[in-house]
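Residue strings, one per chain:
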Amino acid sequence: MLLVNKSQDRAVRRGRYLKLLLLILVLVGLHFTGVWLEEQINIGGITPRQAAMRDLLILGVVLFYILLMAIPFMPGMEIGLGLMMLLGSKGAVLVYLSTLAALSISYLVGRLIPSALVCRFLQWLHLERARLLVLQLEPLGRSERLRLLQDQLPDKVALFLVNHRYLSIAAILNMPGNALIGGGGGIGLMVGMSRIIPYWGYLAMLTLAVAPIPLWFYFG
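Residues numbered from 1 in each chain as written. Predicted model: local features only at pLDDT ≥ 70, side-chain atom pairs only at ≥ 80, totals over all residues. Heavy atoms only, no water.

Undergrad: Pulling in residues and values, what's your account of the overall build of the chain?
TA: What the chain contains, in helices and strands, is 12 helices and 0 strands. Sequence-ordered secondary structure for the chain, helices as α and strands as β, is α-α-α-α-α-α-α-α-α-α-α-α. Within the chain, buried positions represent 35% of all 220 residues. Taking all contacts inside the chain whose residues are at least 6 apart in sequence as the whole, residues at least 24 apart take part in 67%. A total accessible area of about 13500 Å² is found for the chain, and carbon and sulfur atoms account for 70% of it. (Helix = DSSP H or I, 4+ residues; strand = E, 2+ residues; numbered from the N terminus. Buried < 20%, exposed > 50% of the residue type's maximum accessible area, 1.4 Å probe, protein only. Contact = heavy atoms within 4.5 Å. Areas by Shrake-Rupley, 256 points an atom, 1.4 Å probe, with all protein chains shown as cover.)

Next up, the structure:
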């Protein structure tokens, strides 16, 4: 019986590792697909000689930028920088508003994802403790969710992030290399799924968190 249990444990661990590897490959594939799509857009090619199509082309690039920024692990910053360099102060305002729109979309999508779907995904990955935590959080309101997280998080760093959640999210959004944890779209999605921050509080935080680079271009 002991040998059977050990064999079953090894099979479960092997299945978990294979599924995690598959998930990582999918996320890496998404990231490099976004990089390739960015490279296909020649923002510098939108010149005054194409004035008849200029506005339409810019609108298309802006919508594509919003789409990339809203999807987890998909880069979009190079397109935003290109628009700001091309259009100057007007581009800075446009990119700023587009970034707010993109990260709002990812948050709202996170709010709409059913907890049952999240639980099934965690079960597929054999992450039982995380699945049980999601089940515990599901019927609770925002304040009860926060109390439960504060009681159950054993790590001081994790507890600090929850207690200072607005500051933490703003810092992570501006952290170099945040694409490794999903980028702006992934962060917004997770915040929405957590349901511990109301949308208007999240939006107020975003207005400050994403402002530095557009402000630099606007006044530069």
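Undergrad: Quick rundown of the nonpolar core? Include the residues and the values.
TA: Formed by 22 residues in total, the largest nonpolar core has its most connected members in Ile-169, Leu-173, Val-191, Tyr-202, Met-205 and Leu-206. Sorting the residues of this core by element identifies helix 4 (89-112), helix 7 (142-152), helix 9 (165-173), helix 10 (183-194) and helix 11 (199-209) as the ones contributing at least two each. Core analysis: the next-biggest nonpolar cluster, separate from the first, contains 16 residues, Val-61, Val-62, Met-69 and Met-84 among them. (Core = buried A, V, L, I, M, F, W, Y, C linked by side-chain atoms within 4.5 Å.)

Undergrad: Go over the layout of surface pockets, please, and point to the residues and values.
TA: The probe, sized like a water molecule, is rolled over the atoms to show the empty space still left. Its volume calculated, the largest pocket comes out at about 1600 Å³. Lining of the largest pocket is provided by 40 residues; of these, Leu-189, Met-190, Val-191, Met-193 and Ser-194 occupy positions nearest its centre. Listing elements by their share of the lining of the largest pocket, those giving two or more residues are helix 1 (2-40), helix 5 (115-124), helix 6 (128-137), helix 7, helix 8 (156-163), helix 9 and helix 10. Broken down by element, the residue count for the lining of the largest pocket peaks at 7 residues, all from helix 10. Grouping the constituent residues of the lining of the largest pocket by class yields 30 nonpolar, 6 polar and 4 charged. In this model, the second largest pocket occupies a volume close to 520 Å³. Taken together, 31 residues form the lining of the second largest pocket, with Met-69, Met-77, Leu-173, Asn-178 and Gly-184 sitting closest to its centre. Within the residue set of the lining of the second largest pocket, elements represented by two or more residues are helix 2 (51-70), helix 3 (77-87), helix 4, helix 10 and helix 12 (212-219). Looking at the lining of the second largest pocket, its residues break down into 21 nonpolar, 10 polar and no charged. (1 Å grid on protein atoms, 1.4 Å probe; cavity = no way out; pocket = protein on both sides within 12 Å on 5 of 7 lines; lining within 4 Å. Points joined across faces, edges and corners; volume = space filled by probe spheres on them. Nonpolar A, V, L, I, M, F, W, Y, C, P; charged D, E, K, R; others polar.)

Undergrad: Explain the packing of helix 4 against helix 12 to me, and be specific about the residues and the numbers.
TA: Contact geometry for helix 4 and helix 12: axes closest at 7 Å, N-to-C directions at 165°. Taken together, helix 4 and helix 12 sit at an angle that is classed as roughly antiparallel. For the pair helix 4 and helix 12, the sense of crossing is left-handed. Of the residues in helix 12, those touching helix 4 at Ser-89, Ala-92, Val-93 and Tyr-96 are Pro-214, Phe-217 and Tyr-218. (Axes fitted to C-alpha atoms, helices over the stretch in contact; angles between N-to-C directions. Parallel < 35°, antiparallel > 145°, perpendicular 65-115°, else oblique. Left-handed = near helix turned anticlockwise from the far one by under 90°.)

Undergrad: Describe the pattern of salt bridges, and please don't skip the residues or the numbers.
TA: Taken as a whole and assessed by the stated rule, the structure comprises 1 salt bridge. When the shortest N-O distance is used, the salt bridge between Arg-147 and Glu-144 registers 3.9 Å. Taken together, the residues Arg-147 and Glu-144, both in helix 7 and 3 residues apart, mark about one turn of the helix. Looking at Arg-147, the relative accessible area reads 47%, which means it is partly exposed. (Salt bridge = Lys/Arg side-chain N within 4 Å of Asp/Glu carboxyl O.)

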